[in-house]
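# Structural features, examined
Spelled out, the chains give:
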Amino acid sequence: MNAEKAAWNAQFFKERTNLCYQPASVNHYDFGIENFNADAMRAKLTELNLKFSGTSQESFKFNDPDGFLVQVNGPDYVGHV
C-alpha cells in the first residue's frame, strides 16, 4: 500500500472510530396512555406548575420535575410532535 493510500485509510478510520465513541443520549421518552385526554393531562400539569408545549389533542411534550422531556399520547399515536 502506498503512503497516500495509507494516510487516507488512517484518516477514514480515525473519523469512523471517533464517531463510534460518541456518548449515547436520549432526547425524550414517550408514554402511550390508554384513554388519553390531552385537556385533562394539561390541567394536571398546570396544577403541578409544569410547562407543556403544543395544543394537539393527540400528543404533546413537557419537562418533568427532573428536567427530562416527556411525550404523552394515546397508545395508538403514530407521528411526531
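For the structure, check the block above.
Below you will find a few notes about this structure. As the structure is a prediction and not an experimental result, all values here were calculated from the model.

Cut-off values and rules
- Residues numbered from 1 in each chain as written.
- Predicted model: local features only at pLDDT ≥ 70, side-chain atom pairs only at ≥ 80, totals over all residues.
- Heavy atoms only, no water.
- Helix = DSSP H or I, 4+ residues; strand = E, 2+ residues; numbered from the N terminus.
- Contact = heavy atoms within 4.5 Å.
- Areas by Shrake-Rupley, 256 points an atom, 1.4 Å probe, with all protein chains shown as cover.
- Polar contact = N/O pair within 3.5 Å; in protein donor to acceptor, adjacent residues only side chain to side chain.
- Buried < 20%, exposed > 50% of the residue type's maximum accessible area, 1.4 Å probe, protein only.
- Pairing = 2+ DSSP bridges.
- Axes fitted to C-alpha atoms, helices over the stretch in contact; angles between N-to-C directions.

Here we come to the overall build of the protein. A tally of regular secondary structure across the protein gives 2 helices and 4 strands. Tracing the protein from N to C terminus, the helices and strands come up as α-β-α-β-β-β. Expressed as a percentage of contacts within the protein between residues at least 6 apart in sequence, the contacts between residues at least 24 apart total 35%. For the protein, the computed accessible surface area is about 6500 Å², with 55% contributed by carbon and sulfur atoms.

Further remarks concern the side chain of Ser-59. Take Ser-59: it is sitting in strand E3 (residues 59-63). Here Val-72 takes part through its backbone oxygen, which lies 3.2 Å from a polar atom of the side chain of Ser-59. Among the polar contacts made by the side chain of Ser-59, one reaches the side chain of Asn-73 at a distance of 3.4 Å.

Before going further, it helps to examine the pairing of strand E4 (residues 69-73). With 4 of 5 residues buried, E4 is to be regarded as a mostly interior element. Pairing analysis gives 4 bridges linking strand E1 (residues 29-32) to E4, with the strands arranged parallel. Looking across to E4, one finds that Tyr-29 is bridged to Val-70. Bridging between E3 and E4 involves 5 bridges; their strand directions are antiparallel. Bridge pairing in E4 links Phe-60 to Val-72. Between the antiparallel neighbours E3 and E4 lie 5 residues, among them Gly-67 with a positive phi of about 95 degrees.

The next thing to look at is the sheet that holds strand E2 (residues 52-53). With mixed pairing, the 4 strands of this open sheet are ordered in space as E1-E4-E3-E2. Pairing within the sheet leaves two strands with one partner each, and these edge strands are E1 and E2. Sheet strands in contact with helix H2 (residues 38-47) are E2, E3 and E4, and its direction is about 10 degrees off that of E3.

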